[in-house]
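# Geometric and topological summary
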Amino acid sequence: MSLTHTIDVDALHRAMHLLVRGFGSEEAEVQAVCDNLIEANLTGHDSHGIGMLPRYTDAYLEGGLKPNTHVRSVLDAGAMLRLDGQAGFGQVVGREAMAMGIERAHQHGCCVMALGNAHHLGRIGAWAEQAAAAGLVSLHFVNVISRGIVAPYGGSDARFGTNPFTAAIPLRGREPMILDFATSVIAQGKTRVAHNKGEQVPPDHLIDHEGKPTQDPRYSVIEPFGAILTFGAHKGYGMAVLCELLGGALAAGMAQYTSDTSKKRVLNGMLTVLIDPAKIADMAAYEREALTFVDWVTASPPRAGFDRVRIAGEPERESRARRIKSGVPVDATTWQEILNAAGKLGVDVQRINDAAGVKP
């Protein structure tokens, strides 16, 4: 088991700001990247948090990530937008794209927004939350252009990415429902975290390089590579293909079909559908029925091993409250990888440790 550092949230922000400045990013970009990554850690999704910075560093050094780059409009047809992320930080171009889509949905009642060529968009739930905060329903279909890490149902090697699906439903007077999941049974970043901690993953999550079942996360992290399985067998596989066709082929004009493992950049395509419920529904009836249903479902008596019934989004909000109070846990291996990335960017490693309050 790896040693774990527990870092105060404000201290973590100070440390990560120092690192991200090493990309040559303007201050607004530094803020956006750090806010997004640390928010992922706060919500309990360490797979999409600051542990991504070493990968971003390698992508930047090889030319696959372009700092200080903004989203570009390719097609503007009112309620339909096609946008190019130009390999910019996903934390920046994702927010810009969503802001454009949200404005059009408010204007027209709905918007279909296609975003391609964005560097890693991070936790897609962040973009669903942005839509929900604006009072909109949203659906997001996302593909991943990188080395394949997920096997098709019945297949023995990796052919595509974790291809997440996300949805947001605002609920009057309450926090929204945010459904955000990879179509793989486990996110690739979670296998990286498990590998760094020296932990195994549960059974029926991975296969090794020979297509045999394994619980060793190394087969998703270092060569020889195996593959992650899809959730729910053929059901997750079907969702993964759907996300590839919609987020990749349709939205980005770029689908995943290569076995090349040499590039560190991670590009995402995302097809987003935004709906203003006030423009399509009887709002009084919609809000009444939505809240009544949620209350009905969550009133189910919990079975053994559960304290209560939750809806999607609640576990993340509970994790956020805990970690804001007690700090963000970062395993020592991941922290060392972050320090190594800082060194590659020419950032003083001691300053990173000092800012975070970590003793070498």
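In the block above lies the structure referred to throughout.
Reference entry: report on the structure contained in this document. (Residues numbered from 1 in each chain as written. Predicted model: local features only at pLDDT ≥ 70, side-chain atom pairs only at ≥ 80, totals over all residues. Heavy atoms only, no water.)

### Quick word on the overall build of the protein chain
From N to C terminus, the protein chain includes twelve helices and twelve strands. Its C-alpha radius of gyration of 20 Å places the protein chain within 12% of the 21 Å reference for a compact globule of 360 residues. For the protein chain, the C-alpha atoms occupy an extent of roughly 60 × 50 × 45 Å along the three principal directions. Expressed as a percentage of the 360 residues in the protein chain, the buried residues total 51%. Considering only intrachain contacts with a sequence separation of at least 6, the fraction spanning at least 24 residues in the protein chain is 69%. Taking the average location of the 35 positive side-chain charges in the protein chain and that of its 39 negative ones, the two points are 1 Å from each other. (Helix = DSSP H or I, 4+ residues; strand = E, 2+ residues; numbered from the N terminus. Rg over C-alpha atoms; globule rule 2.2 N^0.38 Å. Buried < 20%, exposed > 50% of the residue type's maximum accessible area, 1.4 Å probe, protein only. Contact = heavy atoms within 4.5 Å. Lys, Arg positive; Asp, Glu negative; His and termini not counted. Charge placed at Lys NZ, Arg CZ, Asp CG, Glu CD.)

### Structural notes on the packing of aromatic side chains
What the rule picks out here adds up to seven aromatic pairs. Between Tyr 56 and Phe 89, the aromatic rings sit 6.1 Å apart at their centres with planes inclined by 65 degrees, giving edge-to-face as the arrangement. Residue Tyr 56 is found in helix α3 (residues 53-61), and its partner Phe 89 is found in the loop between β3 (80-84) and α4 (90-108); the two are separated by 33 residues along the sequence. Under the relative-accessibility criterion, Tyr 56 is labelled buried at 0%. When the centroid spacing of 5.7 Å and the interplanar angle of 50 degrees are considered together, the rings of Phe 165 and Phe 181 count as tilted. Here Phe 181 lies in strand β7 (residues 177-181) and Phe 165 lies in strand β6 (residues 165-169), a separation of 16 residues in the sequence. According to the relative accessible area criterion, Phe 165 is buried, its value standing at 12%. (Phe/Tyr/Trp six-rings, centres within 6.5 Å; stacked < 30°, edge-to-face > 60°.)

### Notes on the environment of Gln 215
Tracing the backbone shows Gln 215 in the loop between β9 (213-214) and β10 (227-228). With relative accessibility at 31%, the residue Gln 215 sits in the partly exposed group. In contact with Gln 215, other than residues within four places in its own chain, are Gln 200, Val 201, Pro 202 and Pro 203. Polar contacts involving the side chain of Gln 215 include one to the main-chain carbonyl oxygen of Val 201, which spans 2.9 Å. (Polar contact = N/O pair within 3.5 Å; in protein donor to acceptor, adjacent residues only side chain to side chain.)

### Topic: the pattern of salt bridges
Pairing is possible between side chains that carry opposite charge, provided their charged atoms lie close to one another. Under the definition given, this model contains 19 salt bridges. A salt bridge links Asp 157 to Arg 159; the nearest nitrogen and oxygen atoms lie 2.9 Å apart. For Asp 157, a relative accessible area of 33% translates into the label partly exposed. A salt bridge links Asp 260 to Lys 263, with the nearest nitrogen and oxygen atoms 3.2 Å apart. Lys 263 sits in the partly exposed class, given a relative accessible area of 41%. One continuous salt-bridge network, built from bridges that share partners, spans Asp 307, Arg 308, Arg 310, Glu 314 and Glu 318. (Salt bridge = Lys/Arg side-chain N within 4 Å of Asp/Glu carboxyl O.)

### Some details on the sheet that holds β10
A sheet is described by the order of its strands in space; here three strands give the open sequence β9-β8-β10, paired in antiparallel fashion. Two strands in the sheet have a free side with no partner beyond their single neighbour: β9 and β10. For strand β8 (residues 206-207) and β10, the ladder comprises two bridges, and the chain directions are antiparallel. If you follow Ile 207 over to β10, its bridge partner there is Ala 227. (Pairing = 2+ DSSP bridges.)

### Digging into the packing of helix α1 (residues 9-20) against helix α11 (residues 332-344)
At a minimum axis distance of 10 Å, the contact between α1 and α11 shows a crossing angle of 35 degrees. Residues Leu 12, Ala 15, Met 16 and Leu 19 of α1 form the contact with α11, whose participating residues are Trp 335, Ile 338 and Ala 342. (Axes fitted to C-alpha atoms, helices over the stretch in contact; angles between N-to-C directions.)

### A closer look at unusual backbone geometry
Pro 224 follows Glu 223 through a cis peptide bond whose omega is -5 degrees. Positionally, Pro 224 belongs in the loop between β9 and β10. Positive phi, close to 55 degrees, is recorded for Gln 86, a residue that is not glycine. In the Ramachandran plot, Ala 233 falls in the positive-phi region, its phi being about 55 degrees despite a non-glycine side chain. Mapping Ala 233 onto the fold places it in the loop between β10 and α7 (234-252). With relative accessibility at 32%, the residue Ala 233 sits in the partly exposed group.

### Considering α3
Residues Leu 53, Pro 54, Tyr 56, Thr 57 and Ala 59 constitute the buried set of α3. Elements in contact with the buried residues of α3: α1, α2 (27-42), α4, β4 (110-119) and α11. Gly 63 lies just past α3 and shows a positive phi near 90 degrees.

### Re the sheet that holds strand β2 (residues 72-76)
One open sheet accounts for seven strands, arranged β2-β3-β4-β11-β5-β6-β7; its pairing is mixed. The sheet terminates laterally at β2 and β7, the two strands that pair on one side only. Strand-to-strand twist of the sheet, defined as the mean angle between neighbouring strand axes without regard to direction, takes the value 15 degrees. By the bridge criterion, five bridges tie β6 to β7 in an arrangement that is antiparallel. When the bridges of β7 are listed, Ala 167 appears paired with Leu 179. Relative to the sheet, α7 contacts β3, β4, β5 (137-145), β6, β7 and β11 (267-275), its axis offset from that of β5 by approximately 85 degrees.

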